[in-house]
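One letter stands for each residue in the lines below.
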Amino acid sequence: MSLSDESARAPHRRRGAALEAALLDAAWEELVEKGYDRFTIESVAERARTSRAVLYRRWPSKARLVEAAAVRAGAQQQVSIPDTGTLRGDVIELLRRANRSRAPFGVQMILQLGGYYAETGTGIGQLRDAFLSRRQDAMQLIMSRAVARGEVEPAALSPRVIAVPFDLYRQELLMTLAAVPDEVIESIVDEVFLPLVEKRCAQQSHEETGHARR
């Protein structure tokens, strides 16, 4: 066998960002398959075909590795920001898109990380904040468009109020461990969120439309 043939058969040496991505992907696959309690640095190293030392140099503990793997997995669940022309349409469609792409991820976060929450003394909320900045940016953009269209009262837009649609969506996901039905998404927006933020004339218009549909 020639030297060139041997080089072609040799495994590609991963470095930098490519190596870190491969390690985190292996860690997430291990977590989904085994759960936190059976997750070990050794098993991740074996899956990634590397050494424990390579992992420990980057993440000093099992918990830190799991956090990083969850953040990467969450960041890969990209949801595009809708622009339907109305606040109601935008929020409903954003929730629908998140429901299609992220519901399985959310269920895994609930089912597989119980041991992590117990060990670290944290909850879903703390880990969630690490990878939901894009979702928060999406809601901020949607709300700024609604303000420009005159649909909402700017004074009503506190961070807590803006978070209401996804807080209620996540509660449904937590209770059912399944994708949230479309009628529940619409109920969250129509019955809870819009009355909190819309200007009075817009609320009356929605109420009249609702009565007409009935």
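Thresholds, definitions, all that
Residues numbered from 1 in each chain as written. Predicted model: local features only at pLDDT ≥ 70, side-chain atom pairs only at ≥ 80, totals over all residues. Heavy atoms only, no water. Phe/Tyr/Trp six-rings, centres within 6.5 Å; stacked < 30°, edge-to-face > 60°. Helix = DSSP H or I, 4+ residues; strand = E, 2+ residues; numbered from the N terminus. Buried < 20%, exposed > 50% of the residue type's maximum accessible area, 1.4 Å probe, protein only. Lys NZ or Arg CZ within 6 Å of the ring centre and 35° of its normal. Patch = residues over 30% accessible without salt bridge, like charges linked within 9 Å, V, L, I, M, F, W, Y side chains within 5 Å. Areas by Shrake-Rupley, 256 points an atom, 1.4 Å probe, with all protein chains shown as cover. Salt bridge = Lys/Arg side-chain N within 4 Å of Asp/Glu carboxyl O.

Describing the packing of aromatic side chains
And step 1. One pass over the structure, following the stated rule, counts three aromatic pairs.
And step 2. Between Tyr36 and Tyr116 the ring centres are 5.8 Å apart and the planes differ by 75°, which places this aromatic pair in the edge-to-face class. Within this pair, whereas Tyr36 is found in the loop between α2 (16-34) and α3 (41-48), its partner Tyr116 is found in helix α7 (residues 114-120), the two being separated by 80 residues in sequence.
And step 3. Residue class for Tyr36 comes out buried when judged on its relative accessible area of 2%.
And step 4. What makes Tyr116 buried here is its relative accessible area of 3%.
And step 5. One aromatic cluster is present, built from ring pairs that chain together Tyr36, Tyr116 and Tyr117.
And step 6. Seen from the ring of Tyr36, Lys62 lies directly overhead, with NZ or CZ sitting 4.2 Å from the centre.

Observations concerning the environment of Arg49
And step 1. As for its position among the elements, Arg49 is in the loop between α3 and α4 (52-58).
And step 2. Expressed as a C-alpha distance, the spacing of Arg49 and Ala22, which sit 27 residues apart in the sequence, is 9.9 Å.

Focus on a nonpolar patch on the surface
And step 1. Among the surface-exposed residues, Leu168, Val192 and Leu196 lie close enough to one another that they form a single nonpolar patch of about 210 Å² accessible area.
And step 2. Mapped onto the elements of the fold, Val192 is located in helix α12 (residues 182-197).

Observations regarding the pattern of salt bridges
Side chains that differ in sign of charge can pair as their charged atoms come close.
And step 1. This structure, assessed with the given rule, holds 17 salt bridges.
And step 2. As a salt-bridge pair, Glu30 and Arg47 come within 2.6 Å of each other at their nearest N and O atoms. With Glu30 in helix α2 and Arg47 in helix α3, the pair connects residues that are 17 residues apart, well separated along the chain.
And step 3. Since its relative accessible area comes to 2%, Glu30 is described here as buried.
And step 4. Classification of Arg47 as partly exposed rests on a relative accessible area of 31%.
And step 5. Of the charged contacts, one joins Arg149 and Asp90 as a salt bridge, the two residues approaching to 3.9 Å between their closest N and O atoms. Residue Arg149 is located in helix α9 (residues 133-149), and its partner Asp90 is located in helix α6 (residues 87-112); the two are separated by 59 residues in the primary sequence.
And step 6. Its relative accessible area of 33% is what places Arg149 among the partly exposed residues.
And step 7. The structure contains a network of salt bridges with shared partners spanning Glu93, Arg96, Arg97, Arg100, Asp182 and Glu186.

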